[in-house]
Structures are given as structure tokens and as C-alpha cells.
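Here is how the chains run, residue by residue.
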Amino acid sequence: MPKISNKGIQMPESPIRKLVPYAEGAKKRGTKVYHLNIGQPDIKTPEVALQAVKDFDIKVLEYSHSAGFESYRNKLSTYYKNQGLPVDTKDIIITTGGSEALLFALGSTLDNGDEVIIPEPFYANYNGFATASGVKVVPVISGIETGFALPPIEAFEKLITPKTKAIMICNPGNPTGYLYSEAEINKLAEIVKKHDLFLIADEVYREFAYDGLKHYSVLNVPGLEQHAIMIDSVSKRFSMCGARIGCVVSKNAEFMATAMKFAQARLSPPTYAQVASEAALDTPQSYFDEVITEYVDRRNTLVEEMERIEGVTIAKPKGAFYCIAKLPVKNADDFAQWLLEKFDFNGETVMVAPAAGFYSTPGIGLDEIRIAYVLKKADLIKSVEILKEALKVYQN
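Residues numbered from 1 in each chain as written. Predicted model: local features only at pLDDT ≥ 70, side-chain atom pairs only at ≥ 80, totals over all residues. Heavy atoms only, no water.

Turning next to the overall build of the protein chain. When you go through the protein chain residue by residue, the secondary structure sums to 13 helices and 13 strands. Along the first, second and third principal axes, the C-alpha set of the protein chain runs to 60 × 60 × 55 Å. The 396 residues of the protein chain split such that 57% are buried. In the protein chain, of all internal contacts separated by at least 6 residues, the share reaching a separation of at least 24 is 76%. Roughly 17300 Å² of accessible area belongs to the protein chain as shown, and the carbon and sulfur atoms make up 51% of that amount. With 44 positive and 49 negative side-chain charges, the protein chain shows a separation of 3 Å between the mean positions of the two kinds. (Helix = DSSP H or I, 4+ residues; strand = E, 2+ residues; numbered from the N terminus. Buried < 20%, exposed > 50% of the residue type's maximum accessible area, 1.4 Å probe, protein only. Contact = heavy atoms within 4.5 Å. Areas by Shrake-Rupley, 256 points an atom, 1.4 Å probe, with all protein chains shown as cover. Lys, Arg positive; Asp, Glu negative; His and termini not counted. Charge placed at Lys NZ, Arg CZ, Asp CG, Glu CD.)

Written out as C-alpha cells, the structure reads:
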């Protein structure tokens, strides 16, 4: 029998999706499952985006330009400039989701065996993207004790080797909800300029900043133009996860020319999804104001309810719609599976994402889970009640 590649064998399972069969089993038994495991917002997609697809009248569904519709890139450029970011149309390549943008960024900046430093915990698929690209992730650990604040510069610098080519962050963070301050972004800028590295910033949650705090982009930093690469997506901003439209943005012309070769190799991003994404940029500010208010309310509700459970520690997020909670269990993977296989409370249970999969350091985060507060308040309250009752009877 032919052998599977070592790269394929090394590809990590998604800590978010690997429990799906157990959730399906619970539902078949008649158990209601509250999904706290995945960042799928229940917020309605802007009607202007959906209507644009309905109104798009064509005879042939053609390829688009490899960089995406020029009209969409022009409109995105205006959107970014309105947010204070100096982005021109030529600085943008439309991608099939933020995932492809990350693959383009890694493929354009790192060779096989090169290293990228990432503060952990981080978005679990960074491990998969790195494996697919032949790149080694070098983690720098942040902890729940500090609310997952950026580690000291010294922690980064001692990890830099001749193989180090980039630092990558998610801001605001998935899975922590941590929002990097302007001072922290400037510290990272100093490091990458000093050591001549790229700074790749996944900024897909930029609108989701709470408590009066403002998102500060790597593209805001003067003098960082040749180092900064921004990753973006419509998935969360407009509750359009199924559109699979993102973009990679940089002022570095050589990087963009290289990324364009990857874009040409996959031909083009999807047409109808670009139609929806371009139209979504006409969404009024009132939409975001309402969404932010809703998520702050959900966050506060979740944190308050979780803090009432004995033995639980939770970091209050400053952005995005995720948080990490430390539970009084030895193995959150086992607990999460048990919740779906063997437990229900009045015919209901919850699905969570074990947090160990958001780390690359073995043995870290084993007692932590990620919670996505993408459900309405009543469902969040019920979900925490189920977790509380589950922890009373779960045997480590």
C-alpha cells in the first residue's frame, strides 16, 4: 500500500472540529447541544450583502482576476483609509478566506525549516498552516495569570535564531480575546526592525474591541512598511464565515509580487462571494454599533456566570468573541468528550474547544477550554449552568 506523506501524518487535527462526531452522537440521542466550541456568530449577515448576490445577473460564471475584483479592492482601500490605514489598491490581494491569506504569507516569507515566533495560545490552525508550509512554530508563552498579555521583549529575543524569519500575532486574539495595545505593537515593531523580520498580523477581529479600547494595526506603525503583513477576512466582521473571502495586505512590493504568484497558482477567489463581500462594505456603522453592544453584553454575562463556579479561572477578553477558562479538571479533552458522550443536564449539554490544541508547547493548556460567546445571553447562562453541574459529577 502506498504511504501517506510525513507532512500529512504530522498535520494536526482541529481541536475545534475533532469532537464533531461526538456532538452528532449526542444529538441523535435527543440531547440538545449548545455550541460554545466554534466562532460561528449567530448575528445576521448584512442584508445588503445577501441582496447583492440575488441581484447579480450573469450568463457565465467566469474566473475573476487572481488578485480579486478591482472594484472590490478599490472599495477595500477606501474602507481601510477611513480607518486610518494607508492601504492602496495595489497593496491588497483577495484570498479564499483569511486561511489562504495566511498560507500565502507563510509561503512568501519562510522556507522549509524556517521559524516563526507566535505568542501562545494561538489560533489552532496556525499549527496546520505551518506544517503545510514546512515551517517550524516557535512559541512564546503568555498566561492566563496576566490575561494573556504580550510577553516581555526579552522572551522574544532569546528565541530568535538565524532560522527566524517572522513573528506572527492575532489581534484581537483568538482564542484569548486579548487586544494588543499601541505600546505592545510598537515593541514588536522594534524587534522585527532590529532583527530584520516580518511581522504578520491576523487582524480579522479588528472591529471587535471593547471597553472604549481601540484596535491598533501593524499598518499604523511608521517605518514598518517593509516588515508588516496584515491578514483580514469578512467572516467575523460581517458574519459571513461561509463566504470564504479574506485578503492579504502589505506595502512591501516584493512580498506582494511573491504572494501574487501563489494567487495565480490557485487561479482566483470565488466570484459570488466577492460580490457579497464588496456589497457588505456598504453596511452602516449602526450595524457594528449594535453588534459590539451585543458582544459586550454577552462577554460580561459569560464572565460573571463562569466566575461563580468554584475552581474556575477566566480571563476577561478585551476583543474578539472568545475567552480561555481554566477548569478544575486534569484533561479538558477528556472532559469535553465526556460532556458529549456521557453527560446531559435536563436533556442538554455543551460543546467546548479544549485549549491544549491552541498551544504548540506539549503539556500546556491541558486544563483549559476556549469558549466562543456567539450565543444569545439566555443560551450562555444555560450553557454555564450545564458546565457547573457537569463539573460536580465529572471524575478526573
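Before going further, it helps to examine the nonpolar core. Residues Tyr 80, Ile 167, Met 306 and Phe 335 are the most contacted members of the largest nonpolar core, which totals 113 residues. When sequence neighbours within four positions are dropped, the list of residues in contact with Met 306 reads Val 312, Ile 314, Ala 325, Leu 327, Ile 371, Val 384 and Leu 387. In terms of nonpolar packing, the next biggest core, distinct from the first, is built from 29 residues, Ala 105, Leu 110, Ile 200 and Ala 263 among them. (Core = buried A, V, L, I, M, F, W, Y, C linked by side-chain atoms within 4.5 Å.)

Here strand 8 (residues 246–249) shows no split at all, with Gly 246 and Val 248 on one side and Cys 247 and Val 249 on the other all buried. For strand 7 (residues 228–233) and strand 8, the ladder comprises 4 bridges, and the chain directions are antiparallel. Within strand 8, the residue paired with Ser 233 across the bridge is Gly 246. (Pairing = 2+ DSSP bridges.)

Attention now goes to the pattern of salt bridges. Across all of its chains, the model carries 22 salt bridges by this definition. A salt bridge links Arg 206 to Asp 232, with the shortest nitrogen-to-oxygen separation between them at 3.8 Å. With Arg 206 in the loop between strand 6 (198–202) and strand 7 and Asp 232 in strand 7, this residue pair connects regions lying 26 residues apart in the sequence. Looking at Arg 206, the relative accessible area reads 6%, which means it is buried. Here Asp 232 falls in the buried class, since its relative accessible area comes to 1%. One salt bridge in this structure joins Glu 368 and Lys 326, with 3.6 Å as the shortest N-O distance. Of this pair, Glu 368 sits in strand 13 (residues 368–372) while Lys 326 sits in strand 10 (residues 322–326), and the two are 42 residues apart along the sequence. Of the residues examined, Lys 326 reaches a relative accessible area of 23% and is grouped as partly exposed. It is possible to trace a salt-bridge network through shared partners that takes in Lys 81, Asp 88, Lys 90, Asp 91 and Lys 251. (Salt bridge = Lys/Arg side-chain N within 4 Å of Asp/Glu carboxyl O.)

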